[in-house]
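# Results of the structural survey
Chain residues, written in single-letter form:
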Amino acid sequence: MKLAKLASIAVALACAAAGVCAQAIPAAALQYRAQLTREAQFRFGIPAPVPAIAGQIHQESLWRAQAVSRTGALGLMQFMPATAKWANEAAAWGAVEPLNPTWSIRAGVWYDRWLYDRVKGHTECDRWNFALSSYNGGLGWTNRRKARSPDPLSWQATGFINPGILPSNQHENETYSPKILLKHQLIYSSWGRTVCH
């Protein structure tokens, strides 16, 4: 019991430090909670990192199922058409439907797990940073960063290395996973096990 209380105090302190305590879970997110939990538990086991993936959806689309980015990314998980097609073929789900929330959550969680299985890190926190960075910018760029790093298993030593992309893309990529893990996931901390806290 004392351990659970200490954990909740730690989450509250992290929440206060990140300035997200007052931020409520968006109403749109609540309708997808059960499905996200099922998909995350199926791919990652129990307890699943539901808050991290909820934070990722928050970052990607703010839970807008019909979101379309200026670059053409679609749906809750903001799949680029080519990535959606590839993920759909790899997992054999039938039709490619990134604007369908059920498809988007299923494919997004599957892709997060696919990436998580292909990156290594000293800690779970390092590994999640690399997986999310790969989701945002591509696994190839993550591998190029690691090849240039003095400590390729450390996010701190590796995540800020520009592997040859535009500075604006590098800035987006190096801030993508920290925003999710250190800010957005805290909004959803009541949904399950947080990572990197």
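How each quantity is defined
Residues numbered from 1 in each chain as written. Predicted model: local features only at pLDDT ≥ 70, side-chain atom pairs only at ≥ 80, totals over all residues. Heavy atoms only, no water. 1 Å grid on protein atoms, 1.4 Å probe; cavity = no way out; pocket = protein on both sides within 12 Å on 5 of 7 lines; lining within 4 Å. Points joined across faces, edges and corners; volume = space filled by probe spheres on them. Helix = DSSP H or I, 4+ residues; strand = E, 2+ residues; numbered from the N terminus. Nonpolar A, V, L, I, M, F, W, Y, C, P; charged D, E, K, R; others polar. pLDDT = per-residue confidence, 0-100. Contact = heavy atoms within 4.5 Å. Core = buried A, V, L, I, M, F, W, Y, C linked by side-chain atoms within 4.5 Å. Buried < 20%, exposed > 50% of the residue type's maximum accessible area, 1.4 Å probe, protein only. Salt bridge = Lys/Arg side-chain N within 4 Å of Asp/Glu carboxyl O.

### Looking at the layout of surface pockets
- Roughly 830 Å³ of volume is contained in the largest pocket.
- Forming the walls of the largest pocket are 29 residues, and the residues nearest its centre are E60, T71, A73, N136 and E172.
- Counting residues per element, the ones that place at least two in the lining of the largest pocket are α4 (50–61), α7 (124–137), α8 (139–148) and α10 (167–187).
- Across the lining of the largest pocket, the residue classes tally to 11 nonpolar, 13 polar and 5 charged.

### Some thoughts on the confidence of the model for the chain
- When pLDDT is averaged across the chain, the result is 90; 88% of the residues are at 70 or more.
- The low-confidence segment residues 1–13, where pLDDT is below 50, has 2 contacts with residues more than four positions distant or belonging to other chains.

### Side note on the nonpolar core
- Grouped together as the largest cluster of nonpolar side chains are 42 residues, with contacts concentrated most on L36, I53, W63, F79, W128, L181 and W191.
- Elements supplying a minimum of two residues to this core: α3 (33–44), α4, α5 (81–91), α6 (101–116), α7 and α10.
- The element that contributes the greatest number of residues to this core is α6, accounting for 8 residues.
- Every residue in contact with W63, bar those within four places of it in the chain, is listed here: P26, A28, A29, Y32, L36, A54, I57, H58, L76, Y188 and W191.

### Comments concerning the environment of R118
- The topology assignment puts R118 in the loop between α6 and α7.
- Take R118: its relative accessible area is 41%, and that puts it in the partly exposed class.
- Through-space distance from the C-alpha of R118 to that of S134 is 9.9 Å; in sequence the pair is 16 residues apart.

### Some words on the pattern of salt bridges
- Within this structure, the stated rule accounts for 4 salt bridges.
- A salt bridge links K85 to E89; its shortest N-O distance comes to 3.3 Å. Residue K85 and its partner E89 are both found in helix α5; the two are separated by 4 residues, about one turn of the helix.
- You can call E89 exposed: its relative accessible area is 55%.

### A closer look at the environment of L182
- Tracing the sequence through the fold places L182 in helix α10.
- A relative accessible area of 48% means that L182 is categorised as partly exposed.
- The sequence separation of L182 and T194 amounts to 12 residues, and the corresponding C-alpha distance is 9.9 Å.

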